Amino acid sequence: MNLITICNRFPTQHDCILHLESVRWGDTPRCPHCDSEDVARKAENQRVGRWNCHSCKSSFNVLSGTIMQKTKIDLQKWFLAIGLIVNAKKSLSSYQLSRDLDMRQGAAWYMQTRIRQAMDENQATWLSGIIEADETYVGPKPRKNNRKGGPKNPTGRGTRKTPVIGAVERKGRAFAKVATDLSGRGIRCFLESVVDVEHSHLMTDEFRSYRSMDDLMQHDVVDHSRQYVDGSVHTNSAEGFWSLLKRAWYGSHHHYSKDFMPLFVAEACWKYNHRKDARAFDSFLAGVFA
Ligand SMILES: [Zn+2]
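Below, the structure is looked at part by part. Small disclaimer: the values here were computed from a predicted structure and weren't measured.

**Things to note about the coordination of the zinc ion**
Geometrically, a metal with four donors at the corners of a regular tetrahedron has ideal angles of 109.5 degrees, and one with six donors at the corners of a regular octahedron has ideal angles of 90 or 180 degrees. The coordination sphere of the zinc ion, as far as protein atoms go, consists of Cys31 (SG), Cys34 (SG), Cys53 (SG) and Cys56 (SG), spread over 2.3 Å. Geometry at the zinc ion is tetrahedral, judged from the four donor atoms that bind it and their angles of 105 to 113° at the metal. On the basis of relative accessible area, Cys34 is assigned to the partly exposed category, the value being 33%.

**A look at the side chain of Arg50**
Its location among the elements puts Arg50 in the loop between β1 (39-41) and β2 (51-53). One buried charged residue, Arg50, remains without a salt bridge, the closest side chain of opposite sign being Glu21 at 9.8 Å. At a separation of 3.2 Å, a polar atom in the side chain of Arg50 contacts the side chain of Ser59. Excluding anything up to four places from it in sequence, Arg50 contacts Arg41, Lys42, Ser59, Phe60 and Asn61.

**What about the pairing of strand β7 (residues 195-204)?**
For β7, the buried fraction is high: eight of the 10 residues fall into the buried class. Relative to β7, strand β4 (residues 127-138) runs parallel, the two being bridged by five bridges. Following the sheet pairing, Gly129 is matched in β7 by Ser200.

**Structural notes on the nonpolar core**
Core analysis: the largest hydrophobic core is formed by 44 residues, its most contacted members being Leu20, Met68, Trp78, Phe79, Phe284 and Leu285. No other element matches helix α3 (residues 75-87), which puts nine residues into this core. The residues touching Trp78, leaving out its near neighbours within four places in the chain, are Ile67, Met68, Thr71, Ile73, Tyr110, Met111, Arg114 and Ile115. By size, the runner-up hydrophobic cluster in this structure holds 21 residues, among which are Ala179, Ile187, Val195 and Phe207.

**A closer look at the packing of aromatic side chains**
In total, this model carries 14 aromatic pairs according to the counting rule given. When the ring of Trp51 is compared with that of Phe60, the centres are 6.4 Å apart and the planes differ by 10°; the resulting orientation is stacked. On the basis of relative accessible area, Trp51 is assigned to the buried category, the value being 8%. Take Phe60: its relative accessible area is 0%, and that puts it in the buried class. Where Trp78 meets Tyr110, the ring centres are 6.3 Å apart and the plane angle is 75°; that geometry is what we call edge-to-face. Taken together, the residues span a long stretch of sequence, with Trp78 in helix α3 and Tyr110 in helix α5 (residues 105-121) at a distance of 32 residues. Relative accessible area serves as the criterion here: at 0%, Trp78 is assigned to the buried category. Overall, Tyr110 belongs to the partly exposed group, its relative accessible area being 29%. Grouping aromatic residues by their ring pairs yields a cluster made of Phe10, Phe79 and Phe281.

**Description of the sheet that holds β2**
Here three strands make up an open sheet; going across it, the order is β1-β2-β3 and the pairing antiparallel. Two strands lie at the open edges of the sheet, namely β1 and β3 (59-60), each paired on one side alone. Bridge analysis of β2 against β3 gives two bridges, and the strand direction is antiparallel. Counterpart to Trp51 in the pairing with β3 is Phe60.

**Points about the environment of Lys57**
Within the secondary structure layout, Lys57 lies in the loop between β2 and β3. Between the C-alpha atom of Lys57 and that of Cys31, which follows or precedes it by 26 residues, the distance is 9.9 Å. A distance of 2.9 Å separates a polar atom in the side chain of Lys57 from the backbone oxygen of His54.

**Considering the packing of α3 against helix α4 (residues 94-101)**
Relative orientation of the contacting elements α3 and α4 amounts to 130°, with a least axis distance of 11 Å. Regarding the angle of α3 to α4, the classification is oblique. In terms of crossing hand, the pair formed by α3 and α4 is right-handed. The residues of α4 that touch α3, namely those facing Lys77, Leu80, Ala81, Leu84 and Ile85, are Leu97, Asp100 and Leu101.

Analysis parameters
- Residues numbered from 1 in each chain as written.
- Predicted model: local features only at pLDDT ≥ 70, side-chain atom pairs only at ≥ 80, totals over all residues.
- Heavy atoms only, no water.
- Donors = N, O, S within 2.8 Å, 3.2 Å for Na, K, Ca; no water.
- Tetrahedral: all angles 85-135°; square planar, octahedral: opposite > 155°, others 65-115°.
- Buried < 20%, exposed > 50% of the residue type's maximum accessible area, 1.4 Å probe, protein only.
- Helix = DSSP H or I, 4+ residues; strand = E, 2+ residues; numbered from the N terminus.
- Lys, Arg positive; Asp, Glu negative; His and termini not counted.
- Salt bridge = Lys/Arg side-chain N within 4 Å of Asp/Glu carboxyl O.
- Polar contact = N/O pair within 3.5 Å; in protein donor to acceptor, adjacent residues only side chain to side chain.
- Contact = heavy atoms within 4.5 Å.
- Pairing = 2+ DSSP bridges.
- Core = buried A, V, L, I, M, F, W, Y, C linked by side-chain atoms within 4.5 Å.
- Phe/Tyr/Trp six-rings, centres within 6.5 Å; stacked < 30°, edge-to-face > 60°.
- Axes fitted to C-alpha atoms, helices over the stretch in contact; angles between N-to-C directions.
- Parallel < 35°, antiparallel > 145°, perpendicular 65-115°, else oblique.
- Left-handed = near helix turned anticlockwise from the far one by under 90°.

See the structure below:
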């Protein structure tokens, strides 16, 4: 949904609340504390959208327990931030977001972080089919080492960049995260947690750690020192996902620290998995509220 449509559909705070209430509860509002349906809208006052629960005597609103809980930022700005973030081909910096929405950079950063956390919580898992697994290294470019004998701009395995491990369904979804362990054991642990190994076929490059999967699932290896494609054995989907991730990172995040990487990777995955979703804005809200 583009920004004009968002503004037209949700011109006021009240419209945003009604929409979120319908996404979260449909026709049956429920107490988020005790799940009771014995609830009633509080008498209208300044605070629109407040509800009372007659069962547990608490009060709540549609934002309770979500990324927008207790926010002081207008919901329309949240909606616009979501629209901007899910529509952006690369990744927006919080500075860009703050200019687009005419707000302080700190507030824009706060919203962006919460939105990314929601994307992280709604990651695709249980991938199946042909799975291409691969790792890559993203992050600040290493300083030039001018000392004699020092490494020359090292890249890839063994650098100080952040390792990211990913599994990508061929023509499907992706799951990636910052890797803490690229040993055979670490990779096996990662793949077993996100891939339906019994019904999938693994494709990787010749990196030895992937051999740890051999007794668990079908596994084909393409030797990148000799060729990149061997019939149907290749990791082109994973390469495509990495190039998207890197374009997003180097396009707007060159001044960011490694601490941002996990949520940044989650955003890249979410966007990759919704690349053909014409209703990505609605899908995002459904992930948070439905
Ligand atoms: Zn209750």
